[in-house]
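# Structural features, examined
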Amino acid sequence: MTALARQLPMMRGFLLPVSIVVVAEVAGRLTGLDSLTVALPSHIVVALGGALADGSLVQSTAETLLAVAAGVAIGTCLGLALGLLLGLSRSLDRLLAALIELLRPIPTVALIPLVILVAGLGFATEITIVAFGTMWPVFVISRSAILGVEPRLFEVAEALGFSWLQRIRKFIMPSIAPRVFLAFRLAVGFALIIAVTVEITTNPLGLGNAMVVAQNALNPALTLAVLIWIGFIGWALSRLLFELERFAFPAASSLGAKP
C-alpha cells in the first residue's frame, strides 16, 4: 500500500469540514456579512494568527493547561487511591457506597459557588473543581478493574507472604494499568471542558476568559478563533494520549477508537 493510499481515509475525513468552510466563506462574502455574532472563516483565521503572534493566546493556553495538569494530577491520585481502597476492601466498599453515590452525580460546575467561598477566585478554585470532576472516572474504572483481577493472583501473593503494598505494586497495578490509563485519557478530556467552563464563569484567566473578553469587545472573529483553538487543543491532547497508550499498552489500545 502506497503512502497516498494510506492517507486517503484521512483526506476524505477533511472533505466535509473544508467544504463547509468554503461554502460559509463564499456565502458570507456574497451577502456582505456584517454581524456581531458570527464572522467569515478568513477573518477567524486572521484573528487566530494575530492572537498567536502577539502571545496572548499562548499565555491563555498555558494558564488553562496548567490548571488542567494540576487538576488531573490531583484527581487521578485521589480517584486511584479511592479505587484501590474500595476495590480491595469489600466491607469498606459497602460502607461508603451510599456516600459515594450521593457525591458522584453532583454536577461539577454546581460546586463553583461553594469552592469560591472557601478558596476565592483564581487557580485554586479552578484546580479544585477540575480535580473533583476528574476523580470520578478514574475511581470508577480503577475500582472495576481491581474487581476483575484474577483471584488466583491474590492467592499467589498470599502464599508468597506479600504485604498489601507489595501485592498492589507487583500484581494489581500491572494488571489494571491499561484500564487506569484509559481512565486518565477520559479524565484529561473532562478536565479541559471543566477548566474552560470555570474560566468563563469565574477565573479571569485562561482560554475561557479569553473568549469572554473577545465577546465583550464585540469581536466575533476572535471569539470563534479561541473556540476553534480550544477544540484543537482538546484534539491534540487526545491524540497524544492515544499514541502514548498505543506505545505503552499495544494490546489494550488496539481495541480503542483513534481520535
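Residues numbered from 1 in each chain as written. Predicted model: local features only at pLDDT ≥ 70, side-chain atom pairs only at ≥ 80, totals over all residues. Heavy atoms only, no water.

### What to know about the UniProt feature "transmembrane region" (unreviewed entry) in the chain
The feature "transmembrane region" (unreviewed entry), as annotated in UniProt, sits at residues 38-58, 65-88, 108-133, 176-198 and 218-237 in this numbering. Spanning residues 176-198, this segment combines 100% helix with 0% strand, and its end C-alpha atoms are found 32 Å apart. Along residues 218-237, the helical share is 90% and the strand share 0%, with 30 Å between the first and last C-alpha atoms. (UniProt positions renumbered as here; feature names shortened; annotations may be inferred. Helix = DSSP H or I, 4+ residues; strand = E, 2+ residues; numbered from the N terminus.)

### Overview of helix α9 (residues 206-216)
Burial in α9 covers these residues: Gly206, Leu207, Gly208, Asn209, Ala210, Met211 and Ala214. In the core, the buried residues of α9 are packed alongside α3 (56-88), α8 (164-201) and α10 (220-248). The first or second residue beyond α9 is Leu218, which carries a positive phi of 55 degrees. (Buried < 20%, exposed > 50% of the residue type's maximum accessible area, 1.4 Å probe, protein only. Contact = heavy atoms within 4.5 Å.)

### Concerning the environment of Val198
Among the secondary structure elements, Val198 is positioned in helix α8. Here the alpha-carbon distance between Val198 and Glu126, two residues 72 residues apart in the chain, equals 6.1 Å. Once residues within four sequence positions are removed from consideration, Val198 is found in contact with Ile112, Glu126, Ile129 and Asn203.

### Overview of the packing of α9 against α10
Between α9 and α10, whose axes approach to 8 Å, the crossing angle comes to 165 degrees. Between α9 and α10, the angle falls in the class roughly antiparallel. The way α9 lies across α10 gives a crossing that is left-handed. Where α9 approaches α10, its residues Leu207, Ala210, Met211, Ala214 and Gln215 are matched on the opposing element by Leu222, Thr223, Val226, Leu227, Trp229 and Ile230. (Axes fitted to C-alpha atoms, helices over the stretch in contact; angles between N-to-C directions. Parallel < 35°, antiparallel > 145°, perpendicular 65-115°, else oblique. Left-handed = near helix turned anticlockwise from the far one by under 90°.)

### Focus on the pattern of salt bridges
Scanning the entire structure with this criterion turns up four salt bridges. When the shortest N-O distance is used, the salt bridge between Glu245 and Arg185 registers 2.5 Å. Here the residue Glu245 occupies a position in helix α10, and Arg185 occupies one in helix α8, the gap between them amounting to 60 residues. Note on Glu245: relative accessible area 4%, which makes it buried. A salt bridge links Arg239 to Glu243; its shortest N-O distance comes to 2.9 Å. Taken together, the residues Arg239 and Glu243, both in helix α10 and four residues apart, mark about one turn of the helix. Exposure remark for Glu243: the relative accessible area of 24% places this residue in the partly exposed category. (Salt bridge = Lys/Arg side-chain N within 4 Å of Asp/Glu carboxyl O.)

### Observations regarding the nonpolar core
A general feature of soluble globular proteins is that nonpolar side chains tend to end up buried together. In terms of nonpolar packing, the biggest core is built from 37 residues, with Leu57 and Val226 touching the most fellow members. Counting residues per element, the ones that place at least two in this core are α2 (41-53), α3, α5 (112-119), α6 (123-147), α8, α9 and α10. Looking at this core element by element, the count peaks at eight residues for α8. With sequence-adjacent residues up to four places away left out, Val226 is seen in contact with Leu57, Leu207, Ala210 and Met211. In terms of nonpolar packing, the next biggest core, distinct from the first, is built from 13 residues, Leu80, Leu84, Ile168 and Ile172 among them. (Core = buried A, V, L, I, M, F, W, Y, C linked by side-chain atoms within 4.5 Å.)

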